[in-house]
Amino acid sequence: MNIPLSQPDITEAEIEAVTAVLRSPQLSLGPRLVEFEQAMAGFAGVRHGIGVNSGTSGLHLCVRALGIGEGDEVIVPSFTFIAAANAIRYERAMPVFADIDPLTLNLDPAQVEAAITPRTRAIMAVHNFGIPAPMDALLDIAARHRLVVIEDACEAIGAEYRGRRVGSFGHAAVFAFYPNKQITTGEGGMIVTRDAALAAKMRAWRNQGRYDSADWLQHEELGYNYRLPEINCALGLVQLRRLSEMLAARSSVAAMYNRVLAGVPELILPVLDVPESRQSWFVYVVRLADRFTAQHRDRLAAYLQEQGIGCARYFAPIHRQPSSRAWSAAHLPVTEAVAARTLALPFFNRLGEDQIARVADVLQAGLRTL
Ligand SMILES: *Cc1c(COP(=O)(O)O)cnc(C)c1O
């Protein structure tokens, strides 16, 4: 029995919605885009949505639209997906990595505060694994130091912090729809913001710098082709409609894992309840106990893969990536200790009890070989 790490959840409704677009005359910049943008903005509780072709392009537009550029520093976790730092580097600004809280695996506000310099312009608040970043503390730091806040909500659609959905806290926020995310459009992303002027710029820049009011070949500013096709939007609209059902399924898969793996002494399990938060389960990540090393974890991962069980080290810290070596000398004790011992297990909506039991068996057999 092979079990993949992740698997999208596509029903006949998605297939029909995509097929309907293919029978229509408009395959890009059409009615589905407008509908998806309005639905996502409404879902996040803000006015504007800008559909883009990936989460990364969304983050890039936010960085540029907020005026962040050469010589500016942006505080971001290293324990996250590399897109968060890349979006900063595209504008020749400098990602400055702050360490994380070992429980929530999100930015530690004290470490953020310690990383501030006269060049700091922004905080990139990433909601890792669908757990909200500590927004009260981060917004307070930002207000005191006059920083802008970008929320990377790419792993956190539907997560709530103090009863409010993520995506509504920062100056702008980005969701992403790669096939391993909670909902997918194949590839795609969505920027949401309350700021009308910011939204207008980003909407123009995703389409080669053309404002809606202008002629087809009138380009006011340097832009990009970051457009999100109608097929993707149709898929996203159906997935969004099914989101609460899907998040409930993911929560119960996580709870099942925690029941089956409770009492395995070599493992630290993810927390099911984070205070003041409602988690939107993105991945299920276990951690080996403190006495283990990265070599143990890698051996365990190889064992699982040989047995047909998908798994991955989530995350490989950004400051330790080959592409970061030339410019980051960060030392992040919590990030490094945690990242050496984490392992994401198969996790998707329709993961069955028998599959979870099989993962747990193979995992425990693998642990006995360490
Ligand atoms: C998925 C993800 C993104 C965006 O990824 P794309 O593949 O460009 O859509 C950005 N940040 C984080 C933390 C992510 O997990």
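Residues numbered from 1 in each chain as written. Predicted model: local features only at pLDDT ≥ 70, side-chain atom pairs only at ≥ 80, totals over all residues. Heavy atoms only, no water.

**Observations regarding the nonpolar core**
Next, step 1: Counting residues in hydrophobic clusters, the biggest one holds 37 residues, and the most contacted among them are Leu-61, Ile-68, Met-124, Ile-150, Ile-191 and Met-202.
Next, step 2: Mapped by element, the contributors of at least two residues to this core are β1 (48-52), α3 (55-65), β2 (73-77), α4 (83-89), β4 (120-126), β5 (148-152), β8 (172-176) and α7 (196-205).
Next, step 3: With near-sequence residues (within four places) excluded, Ile-68 lies in contact with Val-63, Val-74, Glu-91, Ala-93, Arg-121, Ala-122, Val-148 and Ile-150.
Next, step 4: Among the nonpolar cores identified, the runner-up in size contains 30 residues, and Met-256, Ala-301, Leu-343 and Leu-363 belong to it. (Core = buried A, V, L, I, M, F, W, Y, C linked by side-chain atoms within 4.5 Å. Buried < 20%, exposed > 50% of the residue type's maximum accessible area, 1.4 Å probe, protein only. Helix = DSSP H or I, 4+ residues; strand = E, 2+ residues; numbered from the N terminus. Contact = heavy atoms within 4.5 Å.)

**Examining α7**
Next, step 1: Of the positions making up α7, those classed as buried are Leu-198, Ala-199, Met-202, Arg-203, Ala-204 and Trp-205.
Next, step 2: Residues of α7 that are buried sit in contact with α2 (31-44), β1, α3, β8 and β9 (189-193).
Next, step 3: Here α7 starts with a cap whose side-chain oxygen sits 3.0 Å from the backbone nitrogen of Ala-197, and that cap is Asp-195. (Polar contact = N/O pair within 3.5 Å; in protein donor to acceptor, adjacent residues only side chain to side chain.)

**Considering the UniProt feature "active site" (unreviewed entry) in the protein chain**
Next, step 1: Those residues carrying the UniProt feature "active site" (unreviewed entry) are Lys-181 in this numbering.
Next, step 2: Considering the arrangement of structural elements, one finds Lys-181 in the loop between β8 and β9.
Next, step 3: Take Lys-181: its relative accessible area is 13%, and that puts it in the buried class.
Next, step 4: Excluding residues within four positions of it along the chain, Lys-181 makes contact with Cys-154, Glu-155, Ala-176 and Phe-282. (UniProt positions renumbered as here; feature names shortened; annotations may be inferred.)

**Section: the site of the ligand**
Next, step 1: Looking at the ligand, there are 13 residues lining it, with Gly-55, Thr-56, Asp-152, Glu-155 and Lys-181 nearest.
Next, step 2: Asp-152 has a polar side-chain atom sitting 2.7 Å from a nitrogen atom of the ligand.
Next, step 3: Against a free-state accessible area of 390 Å², the protein chains account for coverage of 92% of the ligand.
Next, step 4: Tallying contributions element by element places α3 first for the shell around the ligand, with three residues.
Next, step 5: Considering only residue class, the shell around the ligand consists of six nonpolar, four polar and three charged. (Near = heavy atom within 4 Å. Areas by Shrake-Rupley, 256 points an atom, 1.4 Å probe, with all protein chains shown as cover. Nonpolar A, V, L, I, M, F, W, Y, C, P; charged D, E, K, R; others polar.)

**Notes on the pattern of salt bridges**
Next, step 1: Scanning the model with the defined rule gives 16 salt bridges in all.
Next, step 2: Of the charged contacts in the structure, one is a salt bridge between Asp-298 and Arg-297, with a shortest N-O distance of 2.8 Å.
Next, step 3: Given a relative accessible area of 4%, Arg-297 falls into the buried group.
Next, step 4: For Arg-320, the salt bridge is made with Glu-336, and the minimal N-O distance between the two is 3.2 Å. Placement of the pair is Arg-320 in the loop between α10 (294-306) and α11 (333-339) and Glu-336 in helix α11, with a sequence separation of 16 residues.
Next, step 5: A residue is classified by how much of its surface remains accessible, and Arg-320, at 51% relative accessible area, is exposed.
Next, step 6: The network of salt bridges with shared partners includes Asp-9, Glu-14, Arg-242, Glu-245 and Arg-350. (Salt bridge = Lys/Arg side-chain N within 4 Å of Asp/Glu carboxyl O.)

**Focus: the domain arrangement of the protein chain**
Next, step 1: Taken as a whole, the protein chain is organised into domain 1 (12-241) and domain 2 (243-367).
Next, step 2: With both sides pooled, the region where domain 1 packs onto domain 2 buries about 3,200 Å², and carbon together with sulfur makes up 64% of that total.
Next, step 3: Among the residues domain 1 hides against domain 2, the three largest losses belong to Phe-97, Phe-129 and Gln-182. Together they make up 21% of the total.
Next, step 4: Our enumeration of links across domain 1 and domain 2 arrives at two salt bridges.
Next, step 5: As a salt-bridge pair, Glu-276 and Arg-162 come within 2.5 Å of each other at their nearest N and O atoms.
Next, step 6: Counting only elements with at least two residues in the side of domain 1 that touches domain 2, the list comes to α4, β3 (94-98), β6 (160-161) and α8 (230-241).
Next, step 7: Broken down by element, the residue count for the side of domain 1 that touches domain 2 peaks at four residues, all from β3.
Next, step 8: Across the side of domain 1 that touches domain 2, the residue classes break down as 23 nonpolar, nine polar and seven charged. (Domains from an automatic or database assignment. Buried area = accessible area lost by both parts, 1.4 Å probe.)

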